[in-house]
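The residues making up each chain are set out below.
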Amino acid sequence: KAGVTQTPRYLIKTRGQQVTLSCSPISGHRSVSWYQQTPGQGLQFLFEYFSETQRNKGNFPGRFSGRQFSNSRSEMNVSTLELGDSALYLCASSGGQGVGEQYFGPGTRLTVT
Amino acid sequence: AQKVTQAQTEISVVEKEDVTLDCVYETRDTTYYLFWYKQPPSGELVFLIRRNSFDEQNEISGRYSWNFQKSTSSFNFTITASQVVDSAVYFCALMRVTGGGNKLTFGTGTQLKVEL
């Protein structure tokens, strides 16, 4: 069974631009969560989608948004990029409606200059 | 509010030594899940274990073992006979069972360096 895939793996953007990251969960998994990892703040939860609905949201500004498609693939978007948005963005997928084991993708390394 | 504390920022050991990574958590929930993840230099978080708060039995998987003590809110992780390949950052995490969906609250991680 293929694991969680994330594209692109690396991205360099300029301050003020916007960016879209993609995540394809494990086949059959319906929950996709996004996390931001930075040296200063560690791993922080962004949001979770289940069956195309946002089920949970972390404490991030509205510039961070996401969505999930009918095939469970998910995208997250960051508008008006700031230098502080430079981070590793990790996506995790989980099966079922309840709490489950989360399996992470390799991440997208975003650098904002 | 939920919180996970990993007080050990970095641990260095020589290969074949045993090492224990500490994890202390805070939650008002009576039911919750605890996790350990490994993050090698490649960046991907590798799932190691999930433990339900009702199950306090210790678990062993090969060289890995976990000691869950609800009375002290601790979920420690021991690697026996460490190997260089164990070098990574290890994260402990907490998840609510109800009302929280699949939201993990992570500790700050422990960097483990295993040297020859």
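Everything below is about the structure printed above this text.
Worth saying up front: this structure is predicted, and the values here are computed from it rather than measured.

Engineer: Whenever I open this one, the overall build of chain B confuses me. Can you help?
Structural biologist: The number of helices and strands found in chain B is zero helices and 12 strands. Starting at the N terminus, the α and β elements of chain B follow one another as β-β-β-β-β-β-β-β-β-β-β-β. Taking 116 residues into account, the globule formula puts the C-alpha radius of gyration at 13 Å, and chain B, at 14 Å, falls close to it. A buried classification covers 45% of the 116 residues belonging to chain B. Considering only contacts in chain B between residues 6 or more positions apart, those separated by 24 or more positions represent 55%. Only carbon and sulfur atoms are counted for the fraction: they give 48% of the accessible area of chain B, which is about 5700 Å².

Engineer: Could you clarify how one ought to interpret the side chain of Q102(A) in this entry?
Structural biologist: Residues and elements named next belong to chain A. Mapped onto the fold, Q102 is located in the loop between β9 (87–94) and β10 (103–104). You can call Q102 buried: its relative accessible area is 0%. At a separation of 3.0 Å, a polar atom in the side chain of Q102 contacts the side chain of S33. Looking at Q102, its side chain comes within polar contact range of the side chain of Y35, at 3.1 Å.

Engineer: Explain the pattern of salt bridges to me, please; I cannot follow it from the model alone.
Structural biologist: A side chain of one charge can pair with a side chain of the opposite charge if their charged atoms are brought near each other. All names here are of chain A. Going through the model one piece at a time under the given rule, you end up with 10 salt bridges over all chains. Put simply, R55 and E48 hold a salt bridge, and the shortest N to O gap is 2.6 Å. Its relative accessible area of 0% is what places E48 among the buried residues. R63 is paired through a salt bridge with E82; the nearest N and O atoms lie 3.6 Å apart. With R63 in the loop between β6 (53–57) and β7 (64–68) and E82 in the loop between β8 (74–78) and β9, this pair connects stretches of sequence that are 19 residues apart. When its relative accessible area of 41% is taken as the criterion, E82 is described as partly exposed. One salt-bridge network, in which partners are shared between bridges, spans R63, E82 and D85.

Thresholds applied
Residues numbered from 1 in each chain as written. Chains lettered and ligands numbered in written order. Predicted model: local features only at pLDDT ≥ 70, side-chain atom pairs only at ≥ 80, totals over all residues. Heavy atoms only, no water. Helix = DSSP H or I, 4+ residues; strand = E, 2+ residues; numbered from the N terminus. Rg over C-alpha atoms; globule rule 2.2 N^0.38 Å. Buried < 20%, exposed > 50% of the residue type's maximum accessible area, 1.4 Å probe, protein only. Contact = heavy atoms within 4.5 Å. Areas by Shrake-Rupley, 256 points an atom, 1.4 Å probe, with all protein chains shown as cover. Polar contact = N/O pair within 3.5 Å; in protein donor to acceptor, adjacent residues only side chain to side chain. Salt bridge = Lys/Arg side-chain N within 4 Å of Asp/Glu carboxyl O.

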